[in-house]
There are 2 protein chains.
Amino acid sequence: MAREWLLDMPATPKEEFPGFPAALSHLLMLAPQEICDALERRVRTLEEALAAADLSGESGYDIRGTTFPGVALLEDEYLRVVVAAELQWLWSVVDDLRSGDLTWSAAISAEDSE
Amino acid sequence: MAREWLLDMPATPKEEFPGFPAALSHLLMLAPQEICDALERRVRTLEEALAAADLSGESGYDIRGTTFPGVALLEDEYLRVVVAAELQWLWSVVDDLRSGDLTWSAAISAEDSE
């Protein structure tokens, strides 16, 4: 892996916000119940990813005979922090969709899209 | 935008974790000061993105003559929640790097990589 990539990559987070926010911005095309189902599937996938990250927790990283505690855990830690924040937000959105506090009329029905 | 993509995209979050976690998993190749500088640049970029999202806050979305409050704001809300969580974590990592609580020897020096 190139040094330049490692140095530049962290500073350019915009390239990392891909599909999901784009999908969110087009929610009006779907019915609330449809997006609620999709978000619940996302919740389950993220919960599984979190559980896997918790299970993989190593206590250190060995390289050239030296143990580096902490550093190698940053990736897991990052994913845990970001995924936990997203899950909390997803739960609140799914709650609002289920209760009807958040609702809209789908702009494009299944028939329209064909 | 295809209905199928909108329905399937939210449920497949794994494809959305791209460069940054991968870079984190290779931190040992860089010196602590180098990655500290890179993370501080990331902090500044994310802070700017957050400020922009706060400024863009609309109060509703008008489609076919009807105002849909809330729904159109989900994308901004999502980015705010996830970016805020990441920033909090980045600040703690940068603090630990500056204080020396988190450190390591770079496995690959600038010369090695050429």
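**Structural notes on the overall build of chain A**
Helix and strand content of chain A: four helices and two strands. Helices and strands appear in chain A in the N-to-C order α-α-α-β-β-α. Of the contacts formed within chain A by residues at least 6 apart in sequence, a portion of 73% connects residues at least 24 apart. With an accessible surface of roughly 5,900 Å², chain A has 51% of that area assigned to carbon and sulfur atoms.

**Regarding helix H4 (residues 74-99) of chain B**
Taking 1.5 Å per residue as the helical rise, H4(B) with its 26 residues ought to reach 38 Å, and the 38 Å between its terminal C-alpha atoms agrees with that figure. Of the residues flanking the end of H4(B), it is B:Gly100, one or two places downstream, whose phi is positive at about 90°.

**Structural notes on the confidence of the model for chain A**
Scored by pLDDT, chain A has a mean of 74; 68% of the residues are at 70 or more. Low pLDDT, under 50, characterises residues 108-114 of chain A; the predicted model gives this stretch eight contacts beyond four residues in sequence or across chains.

**Observations concerning the packing of aromatic side chains**
Going through the model one piece at a time under the given rule, you end up with four aromatic pairs over all chains. Centroid distance A:Tyr78 to B:Phe20: 4.9 Å. Interplanar angle 80°. Geometry classified as edge-to-face. With one member in each of two chains, A:Tyr78 in helix H4 (residues 74-99) and B:Phe20 in helix H2 (residues 19-24) form a pair that bridges those chains. The structure contains a cluster of three or more aromatic residues connected by ring pairs, namely A:Phe20, A:Trp89 and B:Tyr78. Cation over ring: A:Arg42 sits above A:Phe20, and NZ or CZ is 3.6 Å from the ring centre.

**Quick notes on the pattern of salt bridges**
Residues and elements named next belong to chain A. On inspection of all chains with the given rule, the structure shows four salt bridges over all chains. Close ionic contact of Glu 40 with Arg 98 constitutes a salt bridge, the shortest N to O distance being 2.2 Å. With Glu 40 in helix H3 (residues 32-55) and Arg 98 in helix H4, the pair connects residues that are 58 residues apart, well separated along the chain. By relative accessible area, which is 18% here, Glu 40 ends up buried. Among the residues examined, Arg 98 registers a relative accessible area of 57% and is labelled exposed.

**A few points about the packing of H4(A) against H4(B)**
Taken N-terminus to C-terminus, the directions of H4(A) and H4(B) make an angle of 150°; their axes are 10 Å apart at the nearest point. When the axis of H4(A) is compared with that of H4(B), the two are roughly antiparallel. As for the relative orientation of H4(A) and H4(B), their crossing is right-handed in sense. Contacts between H4(A) and H4(B) pair A:Leu74, A:Glu77, A:Tyr78, A:Val81, A:Val82, A:Ala85, A:Glu86, A:Trp89 and A:Val93 from the former with B:Leu74, B:Glu77, B:Tyr78, B:Val81, B:Val82, B:Ala85, B:Glu86, B:Trp89 and B:Val93 from the latter. Taken together, the residues of the contact of H4(A) with H4(B) break down into 14 nonpolar, no polar and four charged.

**What to know about the environment of A:Ala51**
Checked against the element boundaries, A:Ala51 lands in helix H3. Between the C-alpha atom of A:Ala51 and that of A:Arg80, which follows or precedes it by 29 residues, the distance is 9.2 Å.

Quick notes on the rules
Residues numbered from 1 in each chain as written. Chains lettered and ligands numbered in written order. Predicted model: local features only at pLDDT ≥ 70, side-chain atom pairs only at ≥ 80, totals over all residues. Heavy atoms only, no water. Helix = DSSP H or I, 4+ residues; strand = E, 2+ residues; numbered from the N terminus. Contact = heavy atoms within 4.5 Å. Areas by Shrake-Rupley, 256 points an atom, 1.4 Å probe, with all protein chains shown as cover. Expected span 1.5 Å × (residues − 1). pLDDT = per-residue confidence, 0-100. Phe/Tyr/Trp six-rings, centres within 6.5 Å; stacked < 30°, edge-to-face > 60°. Lys NZ or Arg CZ within 6 Å of the ring centre and 35° of its normal. Salt bridge = Lys/Arg side-chain N within 4 Å of Asp/Glu carboxyl O. Buried < 20%, exposed > 50% of the residue type's maximum accessible area, 1.4 Å probe, protein only. Axes fitted to C-alpha atoms, helices over the stretch in contact; angles between N-to-C directions. Parallel < 35°, antiparallel > 145°, perpendicular 65-115°, else oblique. Left-handed = near helix turned anticlockwise from the far one by under 90°. Nonpolar A, V, L, I, M, F, W, Y, C, P; charged D, E, K, R; others polar.

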